[in-house]
Amino acid sequence: MTSADNLRAFRRGGRIVIVGASLAGLRAAESLRDEGFTGSLTMIGDELGEPYDRPPLSKQVLTGWVPAGGTTLPRRRDIDAEWLLGVPASGLDLATDHVRLADGREVPFDRVLISTGVRARPWFVESEAALDGVFVVRTREHAEGLQRALAAGPSRVLVIGAGFTGSEIASICRERNIPVTVAELAPYPLVGALGAMIGEVAADLQRAHGVDLRCGVKVTRLEGDAQGRFRRAHFDDGSTVDADVAVVALGGIRNTEWLQGSGLAAGVWGVACDTGCRAMDLNGLITDDVFVAGDVARCPNPVYEYRLISLEHWANAVEQAQVAAHNMVHGQADRWPHLSIPRFWSIQFGVNIKSVGVPTFADEVVVTQGSVTDHRFVAAYGYQGRVTAAVTFNNAKWLDHYRQLIETAAPFPPPCATPDQPVDTKPVPVDFPGPTLLAQGATVVVTGHDPGERRVTAAHQHHR
């Protein structure tokens, strides 16, 4: 049989397993059926329910606008899949092409898609994390529990971490007139994602809305009462805060531990892959039958010097899922690359924050339009004299313009002859925190092809 014959036979009767019943996993399954794949399709997920949308959890669900159960992702079509839910994957055997499950079962495949995503980073002391009133926000159950706690009218909420999730939760607390303290180890909120200049704006915004914002401090201990309820937090400067609810918003952990020993280049930043979403092994070789999509993928982008980039973005998960699905059922000549420019959005304290590009891939930033004081502006990011990203506060209509500047490697600072151009447009250093804080705050992380840094260990195989 020719390779074309083999591909047609695979489309008719092949076995595809998707590990991760997530947004990326569901959209990939739908795309596979759209592409004409009629073979067996298995969906593996560690949660019991069907795939659901996560962005509303820290936005609409906590306000009570949308019930947690109302976040189930709509089905665009029937995928005719076998669903194995409530049991996580525990291993991937590429020698025998099996996914191992935690309950001992083995699921065979011809091709597999890894879309296991990210889980919330828990509080570092297990007994303190188990206190009644201590929450993380990643799953529907997390959001539902926190929503009930907020609806009960706590005397104060402590938010540990001022990234996007922590800042959105603080905003919701103030909307509900709940006193809130935000503790952030970095100098400013959002600094891991957007840098110090925008972080300073975010700090002013929080304080203007009544947030007790404490930056440059670390929470060292969560104290409970005799009934096991959270009551007080201790800081490394000796101060304390009394509160009824604590929300741990210290970023996420990519779900790659189950891939240990698989031979794939998988680690704390995710699973390395090429622009066609094909996974890499530890020695940098591209695999033929293993694909990656969503938050767990580390994908190169030519706009950013082909460095491997990890994204926690809704649109990226959908786009990668479609590319991966297409490439799983097509030959080399017909495969697609995933080359999209990242996009992100957040609403907090009445301000719509949107970004395009990779702000963490920058050495300078400049306000090109609008007024920082009015919280209505555009800031452009540059790296070695070219535009790499832009962030807007209540000014999203300009995002497409800046996306074009990024794609065409326009010079930085960009010319912007608009009526709202500030008088002083001098760039300043972008000033991101160190790697530890960056891992907790950023939704876009540039992780690869840095000669001074290595994220995987080579596997030396001896063949007889």
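Please read these numbers as outputs of a predicted model, since none were measured by experiment.

### A look at the overall build of the chain
Moving on, step 1. Across its full length, the chain carries 11 helices and 30 strands.
Moving on, step 2. Radius of gyration (C-alpha) of the chain: 23 Å, near the 23 Å computed for a compact globule of 464 residues.
Moving on, step 3. For the C-alpha atoms alone, the extent of the chain along its principal axes is close to 70 × 60 × 45 Å.
Moving on, step 4. In the chain, the share of contacts with a sequence separation of at least 24, taken over all contacts with a separation of at least 6, comes to 65%.
Moving on, step 5. Only carbon and sulfur atoms are counted for the fraction: they give 50% of the accessible area of the chain, which is about 20,000 Å².
Moving on, step 6. For the chain, the separation between the mean place of its 44 positive charges and that of its 53 negative charges on side chains is 2 Å.

### Things to note about the environment of I347
Moving on, step 1. Looking at the secondary structure, you find I347 in strand β24 (residues 343-348).
Moving on, step 2. Counting along the chain gives 288 residues from I347 to K59, while the straight-line C-alpha distance between them is 7.9 Å.
Moving on, step 3. Leave out the neighbours within four places in its chain, and I347 touches K59, E168 and N352.

### Things to note about the environment of E168
Moving on, step 1. Structurally, the position occupied by E168 is in helix α6 (residues 164-175).
Moving on, step 2. Distance from E168 to L62, taken between C-alpha atoms, is 9.7 Å for residues 106 residues apart in sequence.
Moving on, step 3. If near-sequence neighbours (up to four positions away) are discounted, E168 is found in contact with S58, K59, S346, I347 and Q348.

### Side note on the confidence of the model for the chain
Moving on, step 1. For the chain, the average pLDDT comes to 90, and 93% of its residues sit at 70 or higher.
Moving on, step 2. Here residues 437-442 is modelled with pLDDT under 50, and outside its nearest four sequence neighbours on either side it reaches 15 contacts, counting other chains as well.
Moving on, step 3. Scored below 50 in pLDDT, residues 449-464 shows 13 contacts in the model against residues more than four places distant or in partner chains.

### Structural notes on the packing of helix α2 (residues 23-34) against helix α9 (residues 314-328)
Moving on, step 1. With their axes 8 Å apart at the nearest point, α2 and α9 run at an angle of 35 degrees to one another. Seen from above, α2 lies across α9 with right-handed handedness. The residues of α9 that touch α2, namely those facing L23, A24, R27, A28, S31 and L32, are W314, A317, V318, A321, Q322, A325 and M328.
Moving on, step 2. Of the residues in the contact of α2 with α9, the class split is 10 nonpolar, 2 polar and 1 charged.

### Side note on α9
Side chains that are three or four residues apart share a direction in an α-helix, a result of its 3.6 residues per turn.
Moving on, step 1. Along its 15 residues, α9 runs 21 Å from first to last C-alpha, staying within 8% of the 21 Å computed at 1.5 Å per residue.
Moving on, step 2. A large share of α9 lies buried, amounting to 13 of its 15 residues.

### With respect to the sheet that holds strand β9 (residues 134-135)
Strand-to-strand pairing in sheets goes through backbone hydrogen bonds, with the strands running parallel or antiparallel.
Moving on, step 1. The strand order across the open sheet built from 5 strands is β9-β16-β10-β11-β12, with neighbouring strands paired in parallel fashion. Single-partner strands in this sheet number two, and they are β9 and β12 (212-215).

### Regarding the pairing of strand β23 (residues 307-311)
Moving on, step 1. Counting buried positions along β23 yields 5 of 5 residues, so the element is predominantly enclosed.
Moving on, step 2. Alternating positions in β23 separate into two faces, R307, I309 and L311 on one and L308 and S310 on the other, with burial throughout.
Moving on, step 3. Examined bridge by bridge, strand β22 (residues 297-301) and β23 share 4 bridges and lie antiparallel to one another. Counterpart to P300 in the pairing with β23 is L308.
Moving on, step 4. Connecting β22 to the antiparallel partner β23 that follows it, the hairpin turn spans 5 residues, and E305 within it adopts a positive phi of roughly 60 degrees.

### Notes on the sheet that holds strand β26 (residues 364-371)
Moving on, step 1. Spatially, the 6 strands line up as an open sheet ordered β24-β25-β28-β27-β26-β29, and their pairing is antiparallel. Looking at strand neighbours, the two that pair on one side only are β24 and β29 (428-429), the edges of this open sheet.
Moving on, step 2. Pairing between β26 and strand β27 (residues 376-383): 7 bridges, direction antiparallel. Its bridge partner lying in β27, V365 is registered against Y381.
Moving on, step 3. The strands that helix α10 (residues 399-407) touches are β25 (351-357), β26, β27 and β28 (386-393); relative to β28, the one it contacts most, it runs at about 165 degrees.

### Here's the deal with the packing of aromatic side chains
Moving on, step 1. Overall, the coordinates contain 6 aromatic pairs when judged by the stated rule.
Moving on, step 2. Judged by centre distance (5.2 Å) and plane angle (70 degrees), the rings of Y304 and F361 are edge-to-face. With Y304 in the loop between β22 and β23 and F361 in the loop between β25 and β26, the pair connects residues that are 57 residues apart, well separated along the chain.
Moving on, step 3. Classification of Y304 by relative accessible area gives buried; the value is 0%.
Moving on, step 4. Judged by relative accessible area, which is 3%, F361 ranks as buried.
Moving on, step 5. Following the ring pairs from residue to residue traces out a cluster consisting of Y304, F361 and Y383.
Moving on, step 6. Here the basic side chain of R111 rests over the ring of F10, its NZ or CZ set 5.3 Å away from the ring centre.
Moving on, step 7. The positively charged end of R214 is found above the aromatic ring belonging to F235, 5.4 Å away from the centroid.

### Regarding the pattern of salt bridges
Moving on, step 1. For the structure shown, the criterion picks out 23 salt bridges.
Moving on, step 2. E47 is the partner of R54 in a salt bridge, and the nearest nitrogen-oxygen pair spans 3.3 Å.
Moving on, step 3. What makes E47 partly exposed here is its relative accessible area of 22%.
Moving on, step 4. A salt bridge links E312 to R254; the nearest nitrogen and oxygen atoms lie 3.6 Å apart. Of this pair, E312 sits in the loop between β23 and α9 while R254 sits in strand β17 (residues 252-254), and the two are 58 residues apart along the sequence.
Moving on, step 5. Using a relative accessible area of 22% as the deciding quantity, one classes E312 as partly exposed.
Moving on, step 6. It is possible to trace a salt-bridge network through shared partners that takes in D225, R229, R231 and D244.

Conventions and cut-offs
- Residues numbered from 1 in each chain as written.
- Predicted model: local features only at pLDDT ≥ 70, side-chain atom pairs only at ≥ 80, totals over all residues.
- Heavy atoms only, no water.
- Helix = DSSP H or I, 4+ residues; strand = E, 2+ residues; numbered from the N terminus.
- Rg over C-alpha atoms; globule rule 2.2 N^0.38 Å.
- Contact = heavy atoms within 4.5 Å.
- Areas by Shrake-Rupley, 256 points an atom, 1.4 Å probe, with all protein chains shown as cover.
- Lys, Arg positive; Asp, Glu negative; His and termini not counted.
- Charge placed at Lys NZ, Arg CZ, Asp CG, Glu CD.
- pLDDT = per-residue confidence, 0-100.
- Axes fitted to C-alpha atoms, helices over the stretch in contact; angles between N-to-C directions.
- Left-handed = near helix turned anticlockwise from the far one by under 90°.
- Nonpolar A, V, L, I, M, F, W, Y, C, P; charged D, E, K, R; others polar.
- Expected span 1.5 Å × (residues − 1).
- Buried < 20%, exposed > 50% of the residue type's maximum accessible area, 1.4 Å probe, protein only.
- Pairing = 2+ DSSP bridges.
- Phe/Tyr/Trp six-rings, centres within 6.5 Å; stacked < 30°, edge-to-face > 60°.
- Lys NZ or Arg CZ within 6 Å of the ring centre and 35° of its normal.
- Salt bridge = Lys/Arg side-chain N within 4 Å of Asp/Glu carboxyl O.

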